Amino acid sequence: MREHAHQVCDAQGRVCYFEGTVQEITDEYQRQRDLHASESRFRAMTELSSDWYWELDAMGRFVRLDIGSRGINPGASEEVLGKSRQQLPQIDLSASQWATYQAILDRRETFYDFEMAIQGDNNRLLWHAISGAPIFDSAGVFVGYRGIGRDVTRRRESEELIRHMAFHDVLTGLANRRLFMDRLQQALNSMARTGSYAVLMFLDLDSFKSLNDRQGHAAGDSLLQQVAQRLTGCVRSVDTVARLGGDEFTILMENVDADDQRAMRHTRTAADKVMQALANDFDLGGEAATLRYACSASLGVVILRNPLASADACMKRADAAMYQAKGNGRGGICIDADARG
Ligand SMILES: Nc1nc2c(ncn2[C@@H]2O[C@H](COP(=O)(O)OP(=O)(O)OP(=O)(O)O)[C@@H](O)[C@H]2O)c(=O)[nH]1
């Protein structure tokens, strides 16, 4: 019940009696209790969850940001109030991503899991997924947006790692066969446009098995890693170096030259450089000891002229050239310069 009362006085100001009203407010009281319970539920949710709640005004500026104790960067709330997302320098979106975001807001659409890169502390890239819905007042006028945000950095990093592992060799970090074959096919396609030849090299270490057998697998692994580094260091950054597996490496050089003679000269120089890169002894001893190892390798080289050739056929030729080099006594280069190839 709610009571209102006031005094009724006589002409001299003396209180004669009280009069007032009594109102039953059970419904209103219940509504307030419900509202309070609902607000408490919402608070508990944002407090316990790693998600956060945000609200923008009609101009897209933050008017509210509730970040629970488990949420990201709890101090961020004051920094962002009054600013739009576009005004926050830590959000790292391309121009076209910003345009997509703004178009969604302009159309007053509900959106789900719009992912944004955020520059975190120590230059760590974080990823936030935000979902939001427009808010309209009782007259149907648009007054802003509200929604939730979630840190999805772990998921993005796992996806990136899986993607990287699908296309790279775990031991050396080089491209794997799958990525290499893809690049080779792309190189053949672009040869059709540029008319410039490409060069494919196939390198196999000599007697690698006996290194493994005599010095152990760790020494073999160390050699493979160091060979990968040296090969990467002796080609241009646009060239692709791959480990196909075991002790087999391949190198793809694009846009070598469109002229036969010059292409042949460049190819010889590049092949010599690769062999030269492996000429100095490797230290396979790890931290405790020194183990000098002179590595020999056989190199098969193919000058690719025919953009219609298949990537598989090119690889077979390079493999055959490498075996030819092995057959010639190991430690040498065999160049397959078939003018039709
Ligand atoms: N340490 C190490 N060894 C590997 C790895 N993958 C394959 N191998 C070994 O690499 C060796 C490959 O040897 P082959 O190329 O067949 O033989 P090879 O002794 O080099 O002989 P030639 O090529 O004829 O000179 C095998 O003994 C494999 O067990 C790896 O990731 N790490």
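Model, not experiment: these values are computed from the prediction.

## Thoughts on the pairing of strand 8 (residues 197–205)
Counted residue by residue, strand 8 has 9 buried out of 9 residues, so it is predominantly covered. Because side chains alternate across strand 8, one face comprises the buried residues Y197, V199, M201, L203 and L205, and the other comprises A198, L200, F202 and D204, equally buried. With 7 bridges joining them, strand 8 and strand 10 (residues 248–257) adopt antiparallel strand pairing. If you follow D204 over to strand 10, its bridge partner there is E248. Judged from the 8 bridges that link them, strand 8 and strand 13 (residues 297–304) form a sheet pairing that is antiparallel. When the sheet's bridge partners are listed, L205 is paired in strand 13 with A297.

## Quick notes on helix 3 (residues 95–106)
Between the first and last C-alpha of helix 3 there are 16 Å, a value that for 12 residues agrees with the 16 Å anticipated at 1.5 Å per step. Listed in full, the buried residues belonging to helix 3 are W98, Y101, I104 and L105. Considered in projection along helix 3, the buried side chains sweep an arc of 125 degrees and stay on one side of the axis. Facing away from the buried side of helix 3 by over 90 degrees, the exposed positions are A95 and S96. Here the buried face of helix 3 lies against strand 3 (52–57), strand 5 (111–119), strand 6 (125–136) and strand 7 (142–151). A positive backbone phi angle near 55 degrees is found at R108, which sits one or two residues after helix 3.

## Overview of the side chain of S196
Looking at the secondary structure, you find S196 in the loop between helix 5 (177–194) and strand 8. A polar contact of 3.4 Å, which involves the side chain of S196, links it to the backbone nitrogen of D257. Once you skip the residues sitting within four places of it in the chain, S196 turns out to touch M191, N255, V256, D257 and A258.

What counts and how
- Residues numbered from 1 in each chain as written.
- Predicted model: local features only at pLDDT ≥ 70, side-chain atom pairs only at ≥ 80, totals over all residues.
- Heavy atoms only, no water.
- Buried < 20%, exposed > 50% of the residue type's maximum accessible area, 1.4 Å probe, protein only.
- Helix = DSSP H or I, 4+ residues; strand = E, 2+ residues; numbered from the N terminus.
- Pairing = 2+ DSSP bridges.
- Expected span 1.5 Å × (residues − 1).
- Arc of directions from axis to C-beta.
- Contact = heavy atoms within 4.5 Å.
- Polar contact = N/O pair within 3.5 Å; in protein donor to acceptor, adjacent residues only side chain to side chain.

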